[in-house]
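Below are the chains, spelled out letter by letter.
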Amino acid sequence: MRILVIHGPNLNMLGIREPGIYGALSLDTINARLREWASEANVDLTIMQSNHEGAIVDAIQGAIGWDGIVINAGGFTHTSVAIRDAISAVKVPAIEVHISNVYAREEFRHHSFIAPVCRGSIAGLGWIGYRLALEALTAG
């Protein structure tokens, strides 16, 4: 299996940015945990982070024919028709992840352009949401 994990804008600041909301783990620590799980599960995992919408669109388009996408689009979740359209176009099963519970936060965070084109969404479970998304994609 080949799965792409996408971390969107500001996720490179995990561990520094609002740890009360996003937790104390760095993105490098989260990625190491995901790679360890992938190794044990015999999953070929590619992980990328970008603060740029176009780079995320390019990564999604590059995943045509892959087995899955796990995406935390960060603030682009609530604004990006381009990322939504890319997910829809590639026809690769995708799961949207949010570290915080976006539904317990500001009203503008309650709407996702991405959720309607994803297999599912996971929010509010911290970093483990990424692992749960990987497990869901590999379960079939």
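Structure report, in brief. (Residues numbered from 1 in each chain as written. Predicted model: local features only at pLDDT ≥ 70, side-chain atom pairs only at ≥ 80, totals over all residues. Heavy atoms only, no water.)

Concerning the pattern of salt bridges
Here is step 1: Under the definition given, this model contains 4 salt bridges.
Here is step 2: A salt bridge links R2 to D44; the shortest N-O distance between them is 3.7 Å. You can see R2 sitting in strand β1 (residues 2-7) and its partner D44 sitting in strand β2 (residues 44-49), a full 42 residues away along the chain.
Here is step 3: The closest approach of N and O atoms between R131 and E135, which form a salt bridge, is 2.8 Å. One end of the pair is R131 and the other is E135, both in helix α5 (residues 128-138) and 4 residues apart, which spans about a single turn. (Salt bridge = Lys/Arg side-chain N within 4 Å of Asp/Glu carboxyl O. Helix = DSSP H or I, 4+ residues; strand = E, 2+ residues; numbered from the N terminus.)

Examining the nonpolar core
Here is step 1: One finds V5, L34, L45, V70, Y130 and L134 to be the most contacted residues of the largest nonpolar core, which totals 22 residues.
Here is step 2: Elements that contribute at least two residues to this core include exactly β1, α2 (27-41), β2, β4 (94-98) and α5.
Here is step 3: Tallying contributions element by element places α2 first for this core, with 5 residues.
Here is step 4: With near-sequence residues (within four places) excluded, V5 lies in contact with L34, L45, T46, I47, M48, V70, Y130 and L134. (Core = buried A, V, L, I, M, F, W, Y, C linked by side-chain atoms within 4.5 Å. Buried < 20%, exposed > 50% of the residue type's maximum accessible area, 1.4 Å probe, protein only. Contact = heavy atoms within 4.5 Å.)

Describing α5
Here is step 1: Residues of α5 that are buried include every one of G129, Y130, A133, L134 and L137, and no others. Buried positions in α5, seen along its axis, are confined to an arc of 140° and lie on one side of it. (Arc of directions from axis to C-beta.)

Brief notes about the packing of helix α3 (residues 53-61) against helix α4 (residues 81-90)
The relative placement of two packed helices comes down to the angle between their axes together with the axis-to-axis distance.
Here is step 1: Running from N to C, α3 and α4 point in directions that differ by 5°, and their axes come no closer than 9 Å. In terms of orientation, α3 lies roughly parallel with respect to α4. Between α3, through E53, I56, V57, I60 and Q61, and α4, the contact on the second element is made entirely by A82, I83, A86, I87 and V90.
Here is step 2: Broken down by class, the residue content of the contact of α3 with α4 amounts to 8 nonpolar, 1 polar and 1 charged. (Axes fitted to C-alpha atoms, helices over the stretch in contact; angles between N-to-C directions. Parallel < 35°, antiparallel > 145°, perpendicular 65-115°, else oblique. Nonpolar A, V, L, I, M, F, W, Y, C, P; charged D, E, K, R; others polar.)

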